[in-house]
Amino acid sequence: QVQLVESGGGLVQAGGSLRLSCAASGSISSINTMGWYRQAPGKQRDFVATITSGGITNYAVSVQGRFTISRDNAKNTGYLQMNSLKPEDTAVYYCYAFVMTDWGTERNVWGQGTQLTVSS
């Protein structure tokens, strides 16, 4: 019914930049909150950043000042601009959305993830 598709991952050198995109589709009335989480091999899935429909943002301390989350409400698309990348940022990045469907129900939706590898 609702789907999130991440794109933009890849291999980048330390200090480089990359932008991730998250396209939402399906029976979506509105997206209340969009966010990004990441998971390194053998580790927990950790919070990275969120943004509300009103533009209020929240960041993990580890990425604050380097990452910027944004969204285009008309396109139901979210973005994560990542600058000054570090090897510690290497992980699978997952898009998240808390949505209201066209049928008036709330859904927590996750994308399948996109790999970011930062080399030193």
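Above this note sits the structure.
All of the points below concern the structure found in this document. Note that the coordinates shown come from a computational prediction; the quantities given were computed from them, not determined experimentally.

With that out of the way, let us pick up the overall build of the chain. Assigned secondary structure in the chain consists of zero helices and eleven strands. In sequence order, the chain lays out its α and β elements as β-β-β-β-β-β-β-β-β-β-β. A compact globule built from 120 residues should have a C-alpha radius of gyration of about 14 Å, and the chain, at 14 Å, falls within 12% of that. Dimensions along the principal axes, computed over C-alpha positions, put the chain at roughly 50 × 25 × 20 Å. Here the chain holds 120 residues, and the buried ones make up 40% of them. If you take every contact in the chain between residues at least 6 apart in sequence, the share linking residues at least 24 apart comes to 56%. As presented, the chain carries roughly 6200 Å² of accessible surface, and 47% of it is formed by carbon and sulfur atoms. A gap of 4 Å separates the mean positions of the 9 positive and 7 negative side-chain charges of the chain.

This part takes up the sheet that holds strand E3 (residues 18-26). Strand order in this open sheet of four strands is E1-E3-E8-E7, and the pairing throughout is antiparallel. Where the open sheet ends on each side, the last strands, each with one partner, are strand E1 (2-7) and strand E7 (67-72). Neighbour-to-neighbour, the strand axes of the sheet open up by a mean angle of 15°, direction not taken into account. Looking at chain direction, E1 and E3 are connected through six bridges and run antiparallel. If you follow glutamine 3 over to E3, its bridge partner there is serine 25.

One way to say it: the disulfide is the covalent bond shared by the sulfur atoms of two cysteines. In the structure shown here, the tally under the stated rule is one disulfide. Bridging cysteine 22 to cysteine 95, the disulfide has an S-S length of 1.9 Å. Between cysteine 22 and cysteine 95, the S-S torsion sits near -85°, and that sign places the bridge as left-handed. Remark: cysteine 95 occurs in strand E9 (residues 91-101) and cysteine 22 occurs in strand E3; sequence separation between them is 73 residues. Per residue, the accessibility class of cysteine 22 equals that of cysteine 95, and both read buried.

Conventions used here
For every chain, the first residue of its written sequence is number 1, and the numbers climb from 1 along that sequence. Local features are withheld for residues below a pLDDT of 70 in this predicted model, meaning they are given only at 70 or higher, and side-chain atom pairs are given and counted only at 80 or more; totals for whole chains, interfaces and linings count all residues. For side-chain calculations, the full set of non-hydrogen atoms in the structure is used, while hydrogens and water are omitted. In DSSP terms, a helix is any run of H or I states spanning at least four residues, a strand is any run of E spanning at least two, and both are numbered starting from the N terminus. In this setup the radius of gyration rests on C-alpha atoms only. A globule is expected at 2.2 Å times the number of residues raised to 0.38. Throughout, exposure labels follow a simple rule: accessible area from a 1.4 Å probe, protein chains only, divided by the maximum for the residue type, with under 20% read as buried, over 50% as exposed, and the rest as partly exposed. Here, two residues are considered to be in contact whenever any of their heavy atoms come within 4.5 Å of each other. We get accessible surface area from the Shrake-Rupley algorithm with a probe of 1.4 Å; when it comes to residues, only the shown protein chains can shield them. Positive residues here are Lys and Arg, negative ones are Asp and Glu, while His and the chain termini are left out of the count. For charged residues, the charge sits on one atom: NZ in Lys, CZ in Arg, CG in Asp, CD in Glu. One requirement defines pairing of two strands: DSSP has to find at least two bridges between them. The axes are straight lines fitted to the C-alpha atoms, using for helices just the contacting stretch, and the angles between their N-to-C directions are given from 0 to 180°. For the purposes of this analysis, a disulfide is any pair of cysteine sulfur atoms at a distance within 2.5 Å.

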